[in-house]
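Given next are the chains, with one letter for each unit.
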Amino acid sequence: MSSLIVENIKANYGPITALKDTSLVVPEKAIVTLLGANGAGKSTTLKCISGVVKPVSGSITWANKEIGGQSPNSITRKGIAQVPEGRRIFKDLSVTENLEMGGYTRSDRAGIEADLEDIFELFPRLKERHKQLGGSLSGGEQQMLAIGRGLMADPQLLMLDEPSLGLAPIVVSQIFETLQKLVEERELAILLVEQNMKMALRVSSFGYVMRLGQIMISGSSEELEDNKEVYESYLGTA
Amino acid sequence: MLGQQILSGLATGSLYALTAIAVVVVFRNTRTINLAQGDFAMVGAFLGIIFLKEWGMNYFAMLALVVLCCMALGGFVERVVMRPVAESDWLTLFTTTIGVYYILHGMAGWIWGRDTKAFPVSFEATPVEVFGALISKGHLYNMAIALLIGGVLWTFFTKTKQGIAMRAVTDDPETAYLMGIPVKFIVTLTWVMAGAIAGFIGVLMAPIIYVSPEMMDEILIKGYVAAVFGGLYSFRGAVIGALMIGVAENLAGGYLGSHYKTSVAFVMIVVLLAFRPQGLVGIQERREI
Ligand SMILES: Nc1ncnc2c1ncn2[C@@H]1O[C@H](COP(=O)(O)OP(=O)(O)OP(=O)(O)O)[C@@H](O)[C@H]1O
Ligand SMILES: [Mg+2]
């Protein structure tokens with residue numbers, strides 16, 4: 001059973017405490033949303049899970065095994081991939097090369113080829129532009145490429161950090177539709193960090209709200225949608 | 001006459017191009033202006049003498065072993081000297097390579113002596129006709145090897161997983177690390193690669209310029225000038241710059257007199273920086289790593 005359990009992790013950047021005490025669960029094949037204002041610690045939580053940031057205490061369990069503190073290389077191999085905030089496309093690499101780098105830790109040639117085809121089917125725009133440099137794509141295309149690059153790792157858990165950032169509403173709904181499709185087709189679990197909470201809660205089944213490095217509220221997406229506190233105290237939006 | 005001048009200029013230029021490529025390889029991934037690049041080749045040339053004279057190796061076995069030793073030297077310098085300061089600013093990195101430069105110069109002088117030595121392989125001056133112009137066999141050989149190395153590097157960077165990963169690290173090391181790319185290993189690999197290229201340069205240059213601790217100093221400067229043509233970033237720009245320098249100094253030497261030869265590269269760089277400070281081949285804005 002591949003579910004992710006994060007328990008009481010703390011993380012610092014030098015003297016700055018970014019995560020005080022964060023716990024969350026992502027069950028198999030579920031979409032879970034992580035909400036919170038700027039600087040709440042959402043990205044840091046994802047980075048702890050993917051291994052880019054090492055938590056100073058607490059535990060991260062994946063498929064019943066502790067993975068906290070391991071390198072991104074071994075965590076990617078275990079089936080967790082992260083689509084970073086701001087897309088972070090390799091701009092001097094072609095679309096295909098970007099995708100290949102997403103599958104860097106894999107060596108199953110046939111599987112890589114098949115996934116490449118799948119991603120081109122999912123995002124025909126990327127196929128049309130497969131030779132183009134990543135940096136020359138539009139924002140929406142880059143986000144597709146970032147998601148495709150994450151999928152190339154053949155993950156069971158895909159973490160997305162603000163995939164809707166800076167995109168037109170229509171592109172955002174396309175991307176969220178794609179995510180739902182992926183969960184069904186690929187038996188994927190998704191941990192979604194979003195500012196766009198309405199959209200995020202609509203596609204997810206469960207949500208967490210962070211503030212100052214801690215989870216303050218959690219509940220099913222319906223509960224959170226009706227919870228005034230979520231809007232007011234933590235997001236500062238109506 | 002003109003065709004000949006250009007052709008032998010291209011031959012020298014192709015060796016500058018290799019130096020420039022090695023400089024760019026290291027700079028792209030580590031922001032390090034490596035002043036010791038030439039010394040890797042110089043050590044290679046001295047080792048070449050030993051392998052040929054004392055160990056009685058044949059030419060190609062010597063070449064292979066020199067390249068391996070220079071790769072080891074490049075990797076060693078990265079792991080032992082550069083890695084501890086890898087997070088520092090470019091000036092610290094540059095200063096550290098000055099240290100490596102003096103240590104290698106000093107050690108070479110101490111072990112092998114300060115006077116110039118002849119390389120036991122002579123430069124093949126027999127002329128061959130190419131496109132109606134005459135060029136010496138030695139120059140032709142150097143050009144062929146440079147082209148071969150260029151082809152191997154191009155294939156590595158565009159067709160192999162580690163080569164593409166090396167470019168990904170250049171582009172965005174943090175994201176490369178997130179994808180599971182072993183960034184530190186890749187950085188070591190860039191220095192090993194710079195060493196390998198230096199090994200070839202050392203063996204190719206030695207018959208032309210004799211072997212001494214200072215043998216590479218002037219060539220390194222020209223390699224750097226060429227690299228600046230590509231903004232220290234573009235391989236294409238660096239190669240074009242190197243060939244231009246090779247041809248221009250040969251023409252200057254042939255038509256103006258040999259004492260104008262050395263200054264040509266400097267005139268070119270001054271003109272380039274005045275009109276196109278970003279390099280000849282325009283490169284995009286790059287964010288600071
Ligand atoms: N590399 C870093 N160095 C120092 N402090 C950092 C670094 N990254 C994040 N922080 C700090 O850690 C805290 C949590 O940051 P984090 O990026 O996790 O927030 P976030 O919830 O993702 O915010 P946003 O919605 O703006 O992306 C913030 O106070 C931030 O300033
Ligand atoms: Mg963030």
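Up top you'll find the structure we're talking about.
Report on the accompanying structure.

Rules behind the numbers
- Residues numbered from 1 in each chain as written.
- Chains lettered and ligands numbered in written order.
- Predicted model: local features only at pLDDT ≥ 70, side-chain atom pairs only at ≥ 80, totals over all residues.
- Heavy atoms only, no water.
- Helix = DSSP H or I, 4+ residues; strand = E, 2+ residues; numbered from the N terminus.
- Rg over C-alpha atoms; globule rule 2.2 N^0.38 Å.
- Buried < 20%, exposed > 50% of the residue type's maximum accessible area, 1.4 Å probe, protein only.
- Contact = heavy atoms within 4.5 Å.
- Areas by Shrake-Rupley, 256 points an atom, 1.4 Å probe, with all protein chains shown as cover.
- Axes fitted to C-alpha atoms, helices over the stretch in contact; angles between N-to-C directions.
- Parallel < 35°, antiparallel > 145°, perpendicular 65-115°, else oblique.
- Left-handed = near helix turned anticlockwise from the far one by under 90°.
- Nonpolar A, V, L, I, M, F, W, Y, C, P; charged D, E, K, R; others polar.
- Core = buried A, V, L, I, M, F, W, Y, C linked by side-chain atoms within 4.5 Å.
- Pairing = 2+ DSSP bridges.
- Donors = N, O, S within 2.8 Å, 3.2 Å for Na, K, Ca; no water.
- Near = heavy atom within 4 Å.
- Polar contact = N/O pair within 3.5 Å; in protein donor to acceptor, adjacent residues only side chain to side chain.
- Salt bridge = Lys/Arg side-chain N within 4 Å of Asp/Glu carboxyl O.

1. Things to note about the overall build of chain B
Then step 1. Scanning chain B for helices and strands turns up eleven helices and two strands.
Then step 2. Reading the secondary structure of chain B in the N-to-C direction produces α-α-α-α-β-β-α-α-α-α-α-α-α.
Then step 3. Here chain B has a C-alpha radius of gyration of 19 Å; the compact-globule value for 289 residues is 19 Å, and the two agree.
Then step 4. Considering chain B as a whole, with its 289 residues, one finds that 52% of them fall into the buried category.
Then step 5. In chain B, of all internal contacts separated by at least 6 residues, the share reaching a separation of at least 24 is 73%.
Then step 6. Element-wise, carbon and sulfur atoms account for 69% of the exposed surface of chain B, whose accessible area totals about 13,000 Å².

2. Side note on the packing of helix H3 (residues 59-82) of chain B against helix H4 (residues 90-112) of chain B
Residues and elements named next belong to chain B.
Then step 1. At a minimum axis separation of 12 Å, H3 and H4 run at an interaxial angle of 125 degrees. Judged on the interaxial angle alone, H4 and H3 are oblique. Crossing of H3 against H4: the hand is right-handed. Contacts between H3 and H4 involve Leu73, Val77, Val81 and Met82 from the former and Leu93, Thr96, Thr97, Val100 and Leu104 from the latter.
Then step 2. Class assignment of the residues belonging to the contact of H3 with H4 gives a composition of seven nonpolar, two polar and no charged.

3. Here's the deal with the nonpolar core
For soluble globular proteins, the rule of thumb is that nonpolar side chains tend to be buried together.
Then step 1. If you look at the biggest cluster of nonpolar residues, it comprises 92 residues, and the most contacted ones within it are Met101 of chain A together with Ile181 of chain B.
Then step 2. Of all the elements, helix H8 (residues 183-209) of chain B adds the most residues to this core, at 14 residues.
Then step 3. Ignoring anything within four residues of it in the chain, the contact list for Met101 of chain A reads Phe90 and Leu93 of chain A together with Lys161, Ile164, Ala165, Ala168, Met179 and Ile181 of chain B.
Then step 4. If you look at the next biggest cluster of nonpolar residues, it comprises 37 residues, including Ala81, Phe123, Met144 and Ile190 of chain A.

4. Quick word on the pairing of strand S3 (residues 31-36) of chain A
Across a regular strand the side chains alternate sides, sitting on one face of the sheet and then on the other.
Residue and element names in this part refer to chain A.
Then step 1. Within S3, six of the six residues are buried, which leaves the element mostly enclosed by the surrounding structure.
Then step 2. With burial as the criterion, each face of S3 is covered, one bearing Ile31, Thr33 and Leu35 and the other bearing Val32, Leu34 and Gly36.
Then step 3. Bridging between S3 and strand S8 (residues 189-193) involves four bridges; their strand directions are parallel. Bridge pairing in S8 links Ile31 to Ile190.
Then step 4. Pairing of S3 with strand S9 (residues 206-211) involves five bridges; the strand directions are parallel. When the bridges of S9 are listed, Leu34 appears paired with Tyr208.

5. Let's talk about the coordination of the magnesium ion (ligand 2)
Residues and elements named next belong to chain A.
Then step 1. Surrounding the magnesium ion (ligand 2) are the protein donor atoms Ser43 (OG) and Glu85 (OE), at 1.9 to 2.4 Å. Here Ser43 is found in helix H1 (residues 42-50), whereas its partner Glu85 is found in the loop between strand S6 (80-83) and helix H3 (95-102), with 42 residues between them in sequence.
Then step 2. Residue Ser43 is classed as buried on the basis of its relative accessible area of 14%.

6. Details of the site of ligand 1
Residue and element names in this part refer to chain A.
Then step 1. The environment of ligand 1 is formed by 14 residues, the closest being Gly39, Lys42, Ser43, Thr44 and Glu85.
Then step 2. The separation between an oxygen atom of ligand 1 and a polar side-chain atom of Gln195 is 2.9 Å.
Then step 3. The protein chains hide 65% of the 640 Å² of surface that ligand 1 would expose on its own.
Then step 4. For the shell around ligand 1, the elements supplying multiple residues, two or more each, are strand S2 (16-26) and H1.
Then step 5. Residue classes in the shell around ligand 1 are distributed as five nonpolar, six polar and three charged.

7. Remarks on the pattern of salt bridges
Then step 1. Scanning the model with the defined rule gives 19 salt bridges over all chains in all.
Then step 2. Ionic pairing is found between Asp172 of chain B and Arg88 of chain A, a salt bridge with its closest N-O pair at 2.8 Å. Of this pair, Asp172 of chain B sits in the loop between helix H6 (161-171) and helix H7 (173-178) while Arg88 of chain A sits in the loop between S6 and H3, which puts the two residues in different chains.
Then step 3. Owing to a relative accessible area of 2%, Asp172 of chain B belongs among the buried residues under this scheme.
Then step 4. You can call Arg88 of chain A partly exposed: its relative accessible area is 27%.
Then step 5. In this structure, Asp154 of chain A engages Arg186 of chain A in a salt bridge whose closest nitrogen and oxygen atoms are separated by 3.9 Å. You can see Asp154 of chain A sitting in the loop between helix H6 (139-151) and strand S7 (157-161) and its partner Arg186 of chain A sitting in helix H7 (residues 169-186), a full 32 residues away along the chain.
Then step 6. Overall, Arg186 of chain A belongs to the partly exposed group, its relative accessible area being 21%.
Then step 7. Overlapping salt bridges bring together Arg106, Asp108, Asp115, Asp118, Asp154 and Arg186 of chain A as one network.

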